[in-house]
Amino acid sequence: MFQPLVLVAYDISSPLRARRVRQSLRAHAVGGQKSLYECRLDAGCLQATLQQLDAHIDPQADRALIVQIGRDTLVRTLGVGCAPHDGTCFYQG
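Everything in this summary refers to the structure shown in the same document. As the structure is a prediction and not an experimental result, all values here were calculated from the model.

What counts and what doesn't
Residues numbered from 1 in each chain as written. Predicted model: local features only at pLDDT ≥ 70, side-chain atom pairs only at ≥ 80, totals over all residues. Heavy atoms only, no water. Axes fitted to C-alpha atoms, helices over the stretch in contact; angles between N-to-C directions. Helix = DSSP H or I, 4+ residues; strand = E, 2+ residues; numbered from the N terminus. Parallel < 35°, antiparallel > 145°, perpendicular 65-115°, else oblique. Contact = heavy atoms within 4.5 Å. Nonpolar A, V, L, I, M, F, W, Y, C, P; charged D, E, K, R; others polar. Expected span 1.5 Å × (residues − 1). Buried < 20%, exposed > 50% of the residue type's maximum accessible area, 1.4 Å probe, protein only. Arc of directions from axis to C-beta.

### Describing the packing of helix H1 (residues 15-26) against helix H2 (residues 43-56)
So, point 1. Contact geometry of H1 with H2 gives a least axis separation of 9 Å together with a crossing angle of 170°. The orientation of H1 with respect to H2, classified from their angle, is roughly antiparallel. Across the interface between the two elements, Arg-17, Arg-20, Val-21, Ser-24 and Leu-25 of H1 pack against Thr-49, Gln-52, Leu-53 and His-56 of H2.
So, point 2. Looking at the contact of H1 with H2 residue by residue, the class counts come to three nonpolar, four polar and two charged.

Take a look at the structure:
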């Protein structure tokens, strides 16, 4: 079953809230960096992840950006790329 690639970037002002957001995203991550995670999420997992993020962030001080990459979207990486578990794209390691 195809699970779309979703990029989640965040800027969280509180270390405690940032840690909670990181923990929520790591369960689904196939790659990422300090505040950007690449996740494979079906519609149900995406909705649950959005609810978790909404519960953890302060909308007055924090920011989160969620971008779903379509099946036909060209994904290019620069630098050292690592193949994810499913092999359909590359992510920065």
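### Some thoughts on H2
So, point 1. Spanning 14 residues, H2 covers 20 Å between terminal C-alpha atoms, matching the ideal 20 Å at 1.5 Å per step.
So, point 2. Of all the positions in H2, only Leu-46, Thr-49 and Leu-53 are classed as buried. Buried residues in H2, looked at end-on, bunch into an arc of 65°, giving them a common side. Turned more than 90 degrees off the buried face of H2, the exposed positions are Gly-44, Gln-51, Asp-54 and Ala-55.

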